Structure formats: C-alpha cells, structure tokens
Amino acid sequence: MKRLYTTLATLALCIISIWANDTTHLYRIDIHQEIGSTSWRYLQNGMHKAIQKDADAVILHLNTYGGLVLHADSMRTLILNAPIPVYAYIENNAASAGALIALACDSIYMQSGARMGAATVV
C-alpha cells in the first residue's frame, strides 16, 4: 500500500511539473531488468509509442543494477534527443548503467530508500 501511495504521489508531482491543465497524457516505460539489447529495444519502442500517442511526457520507471555501457549510452542518447520530457522514477536501484540513464532524464524522482549508484566501468 505504501508503494502505491509513493507512486501516486510521484505521478502527481510529474503532472504538476509538466503543465497545470487537465489534458496531460503521460506514458510509462518500466525498466526492471539488466540494461542490454532487450531493454534498449524496449525503450526505443516505448518512446516511439509515446510519441505516436501524442504523450506530453514519459515516466521512465527504473529498478536496475546496471548492465552494458554500449546499450546504456544508446538509451541515454535517445532520452537526451527525445522531443518530449522524460522523467525518471527510481523505485529501488539505479546503479551503474541505470544511473547513466537516469541522469539523462529531465528530472529524477526517487522512492524513499531508493539508491542511485556509481556509473563506473567494471
């Protein structure tokens, strides 16, 4: 129940920070796995769908320990070049490649107790 309230509060903050009207359309993309080719394609498809559906912003829901720097850099570049705002919501962890991706977003929101860690090559 606490997680539900935290997620709802975060979404409310995102909505307020985008526009103060009642026609805001948000698109949520969940990345809860290791960063790699699968998550890269998933983010690409999600961003494409968000733009197709005329979303006002994307909420990137992250919970990852990282992964491959090649795909993380491609995801970072996609976010930086996105025509709509992308907001990161870190549920528990955004370590290494996850931190790099989160830093590319327009704003970062974190659940209480969440961690964002080192973005170093191992």
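Look up: the structure comes first, before these words.
Chemist: Got a minute to help me understand the packing of helix α3 (residues 69–80) against helix α4 (residues 97–104) in this structure?
Modeler: The axes of two packed helices give the description: the angle between them and the distance between them. The geometry of α3 relative to α4 is characterised by a closest axis approach of 8 Å and an angle of 10° between their N-to-C directions. Taken together, the axes of α3 and α4 lie roughly parallel to each other. Judged by residue contacts, Ala 72, Asp 73, Met 75, Arg 76, Ile 79 and Leu 80 of α3 engage Ala 97, Leu 100, Ile 101 and Ala 104 from α4. For the contact of α3 with α4, a count of residues per class yields 8 nonpolar, no polar and 2 charged.

Chemist: I would appreciate a short explanation of a nonpolar patch on the surface in the present structure.
Modeler: A grouping of Leu 103, Ile 108, Met 110 and Met 116 is seen on the molecular surface, where their side chains present a nonpolar patch of about 330 Å² in accessible area. With respect to the element layout, Met 110 can be found in strand β4 (residues 107–110). Residue classification places Met 110 among the partly exposed residues on the basis of a relative accessible area of 37%.

Criteria and cut-off values
- Residues numbered from 1 in each chain as written.
- Predicted model: local features only at pLDDT ≥ 70, side-chain atom pairs only at ≥ 80, totals over all residues.
- Heavy atoms only, no water.
- Axes fitted to C-alpha atoms, helices over the stretch in contact; angles between N-to-C directions.
- Helix = DSSP H or I, 4+ residues; strand = E, 2+ residues; numbered from the N terminus.
- Parallel < 35°, antiparallel > 145°, perpendicular 65-115°, else oblique.
- Contact = heavy atoms within 4.5 Å.
- Nonpolar A, V, L, I, M, F, W, Y, C, P; charged D, E, K, R; others polar.
- Patch = residues over 30% accessible without salt bridge, like charges linked within 9 Å, V, L, I, M, F, W, Y side chains within 5 Å.
- Areas by Shrake-Rupley, 256 points an atom, 1.4 Å probe, with all protein chains shown as cover.
- Salt bridge = Lys/Arg side-chain N within 4 Å of Asp/Glu carboxyl O.
- Buried < 20%, exposed > 50% of the residue type's maximum accessible area, 1.4 Å probe, protein only.

By themselves, these are just geometric observations and shouldn't be taken as functional.
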